[in-house]
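# Topology and contacts: notes
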Amino acid sequence: MLFSSFWHKVNKQEVPVNAAWGSAFIAFCLALTSLKSVVAFQAMASIATIGLYVSYGLPIFFRLTLARKSFIPGPFNLGRYGVIVGWIAVLWVITISVLFSLPTAYPTTVETLNYTPIAVGGVLLLTTSSWILSARHWFHGPIKNIDT
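Residues numbered from 1 in each chain as written. Predicted model: local features only at pLDDT ≥ 70, side-chain atom pairs only at ≥ 80, totals over all residues. Heavy atoms only, no water.

Each helix and strand counted, the chain has 6 helices and 0 strands in total. Listing each helix as α and each strand as β along the chain from the N terminus yields α-α-α-α-α-α. Relative to its length of 148 residues, the chain is extended, with a C-alpha radius of gyration of 20 Å against a globular reference of 15 Å. Residues classed as buried in the chain amount to 11% of the 148 residues present. A total accessible area of about 12100 Å² is found for the chain, and carbon and sulfur atoms account for 73% of it. (Helix = DSSP H or I, 4+ residues; strand = E, 2+ residues; numbered from the N terminus. Rg over C-alpha atoms; globule rule 2.2 N^0.38 Å. Buried < 20%, exposed > 50% of the residue type's maximum accessible area, 1.4 Å probe, protein only. Areas by Shrake-Rupley, 256 points an atom, 1.4 Å probe, with all protein chains shown as cover.)

Residue position: serine 46 is located in helix H4 (residues 38–65). The contact partners of serine 46, leaving out residues within four places of it in the chain, are Phe100, Asn114 and Thr116. (Contact = heavy atoms within 4.5 Å.)

The subject of this paragraph is the confidence of the model for the chain. As a note on interpretation, predicted positions should not be read in detail where pLDDT is low. Mean pLDDT for the chain: 88, with 99% of residues reaching 70 or above. Least confident of the elements in the chain is helix H3 (residues 33–36), whose mean pLDDT is 81; most confident is helix H5 (residues 82–99), at 95. (pLDDT = per-residue confidence, 0-100.)

Turning our eyes to something else, we now look at the packing of aromatic side chains. A ring pair, where both rings are aromatic, is described by two values, the distance of the centres and the angle of the planes. A complete count under the given rule lists 4 aromatic pairs for this structure. Each residue in the set Phe61, Phe62 and Trp87 is aromatic and connected to the rest through ring pairs, giving one cluster. (Phe/Tyr/Trp six-rings, centres within 6.5 Å; stacked < 30°, edge-to-face > 60°.)

So, on to empty space enclosed by the protein. Considering all chains together, one arrives at 1 cavity of 30 Å³ or more under this definition. Of the volumes computed, that of the largest cavity is approximately 30 Å³. In terms of lining residues, the largest cavity is bounded by Val39, Gln42, Ala43, Thr104, Thr112, Leu113 and Asn114. (1 Å grid on protein atoms, 1.4 Å probe; cavity = no way out; pocket = protein on both sides within 12 Å on 5 of 7 lines; lining within 4 Å. Points joined across faces, edges and corners; volume = space filled by probe spheres on them.)

Put into structure tokens, the structure is as follows:
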């Protein structure tokens, strides 16, 4: 990452102060767009919401599908209800993603179009391409540091 030696420094309390201030500055700059265009701000809020929900939904989906047989539940689990609750969570993420991609104003024009699906699709395209072309060759997942 660009300037990673600057961003990863922590203080005595192990707080990455530079990264925190950098994140606050970027958030402030993004919020300034609401002064010019409410539609742009709504699109950014939608993109952030969809990103957050998808980041929680994908591990649940992969646990329900790819790791169904090999998953070892921890001390806190939902027992037999875990699969049902998991699928409800996945459906909720899909619903939220669709709702936040809809236009916020009608009639839809170039000025009122919700650009969220375009932005989310672009990020999905970039991350998938990065995985296929590079990361799948060197990324092996997190290091297991506890015994189960």
